[in-house]
Amino acid sequence: MALAPALIKVIAGRKKGTTLPVLFNPSQYNLERSNSFKATQVPGLGSPLIEFVNGEAATLTMDLFLDDYTDGPGGLTTTSPSRQSKSVPERIRAITELLDIDSSLHAPPQVQFVWGPLLFTAVLERVTRKVTLFRPNGAPARATLSVTFKEYRTLKQQLAEMRRESSDKTKRRQVTAADSIWLIAEREYGDVRGWREIAAESDVDDPRMLRPGDWLRVPPWEGPNGLRKPN
């Protein structure tokens, strides 16, 4: 069974609805996701405390092959019902124009890369072209485009997907054998100086007397600079 053709769909801006079929499906693609962490130095510890900062946008990378001599009719096209074959320079232009700022968005348009079960909503971040065959007039006749898509999600979508406790409510945390009130403050507030608020809320007179299994109340804390620390 033949694989479904891959598509690049423009989903925002003046070219919304434009579809760019990829006649030569990529032989492979790379999908990468990562997180950002910060290291906080705490005196007396053998290594820094690692604190989650935020997730990075996923990236999708692949090579797209364009060839005037082997492509059939129906190359990169627009919403026009006529599906005329496009030359390699026209196909390159259709893809690289997705890097241009859309006047209605004041930014490059959002797109979707669709291939079978893969639906990746993104912006086109980078295009590198490698031309390997030319026509007599110097026009590219065969090229490989290395493209990078960066995942695009709106603030509303990200907030809807978040699963976190409210930062304006007091929480309860149990002390483990590897814990201390200072480590809990760093983990909850991102600042060890918050241990005093935890101690006061939990009626702890001597933090050094805490034992595994004890419970602490962790209140909201605005921190020394008056800004609320994220939980």
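Scroll up to find the structure this text is about.
What this report covers is the structure whose coordinates are included nearby. None of these values were measured; they are calculated from a predicted model. (Residues numbered from 1 in each chain as written. Predicted model: local features only at pLDDT ≥ 70, side-chain atom pairs only at ≥ 80, totals over all residues. Heavy atoms only, no water.)

The next subject is helix H1 (residues 88-96). Listed as buried for H1 are Val88, Arg91, Ile92, Ile95 and Thr96. Angular distribution of buried residues about the axis of H1 spans 125°; they occupy a single face of the element. If you follow the buried residues of H1, they end up packed against strand E2 (19-22), strand E6 (59-67), strand E8 (118-134) and strand E9 (140-151). (Buried < 20%, exposed > 50% of the residue type's maximum accessible area, 1.4 Å probe, protein only. Helix = DSSP H or I, 4+ residues; strand = E, 2+ residues; numbered from the N terminus. Arc of directions from axis to C-beta. Contact = heavy atoms within 4.5 Å.)

On to unusual backbone geometry. Phi angles above zero are rare outside glycine, and His106 is one such case at about 60°. His106 gets classed as exposed once you look at its relative accessible area, which sits at 68%. Of note, Asp203 is a non-glycine position whose phi angle comes to about 55°, a positive value. Within the element layout of this structure, Asp203 appears in the loop between helix H4 (195-201) and strand E11 (215-218). According to the relative accessible area criterion, Asp203 is exposed, its value standing at 68%.

With respect to the helices and strands, the residue Asp179 is situated in the loop between strand E10 (171-174) and helix H3 (181-189). A distance of 3.3 Å separates a polar atom in the side chain of Asp179 from a polar atom in the side chain of Arg187. Ignoring any residue separated from it by four or fewer positions in sequence, one finds Asp179 in contact with Gln174, Ile184 and Arg187. (Polar contact = N/O pair within 3.5 Å; in protein donor to acceptor, adjacent residues only side chain to side chain.)

Turning next to the pattern of salt bridges. For the structure on display, the rule yields 13 salt bridges. Here Arg135 ties to Asp68 by a salt bridge, and the two come within 3.1 Å at their closest N and O atoms. Placement of Arg135 in the loop between E8 and E9 and of Asp68 in the loop between E6 and H1 is noted, with a sequence separation of 67 residues between them. Its relative accessible area of 33% is what places Arg135 among the partly exposed residues. One salt bridge connects Glu151 with Arg153, and the closest N-O pair in it is separated by 3.9 Å. (Salt bridge = Lys/Arg side-chain N within 4 Å of Asp/Glu carboxyl O.)

So, about the environment of Val131. The topology assignment puts Val131 in strand E8. Counting along the chain gives 64 residues from Val131 to Asp67, while the straight-line C-alpha distance between them is 9.9 Å. Not counting chain neighbours up to four residues away, the residues in contact with Val131 comprise Pro140, Arg142 and Ala143.

Scanning all chains against the criterion turns up 5 aromatic pairs. Ring centres of Phe24 and Phe65 lie 5.5 Å apart, and the angle between their planes is 80°; this geometry places the pair in the edge-to-face category. With Phe24 in the loop between E2 and strand E3 (29-32) and Phe65 in strand E6, this residue pair connects regions lying 41 residues apart in the sequence. Here Phe113 and Phe149 contribute two aromatic rings whose centre-to-centre distance is 5.7 Å and whose plane-to-plane angle is 40°, an arrangement assigned as tilted. With Phe113 in strand E7 (residues 110-115) and Phe149 in strand E9, this residue pair connects regions lying 36 residues apart in the sequence. Each member of the pair, Phe113 as well as Phe149, is classed as buried. Against the face of Trp215 rests Arg172, its NZ or CZ located 4.4 Å from the ring centre. (Phe/Tyr/Trp six-rings, centres within 6.5 Å; stacked < 30°, edge-to-face > 60°. Lys NZ or Arg CZ within 6 Å of the ring centre and 35° of its normal.)

Geometry only, nothing functional implied.
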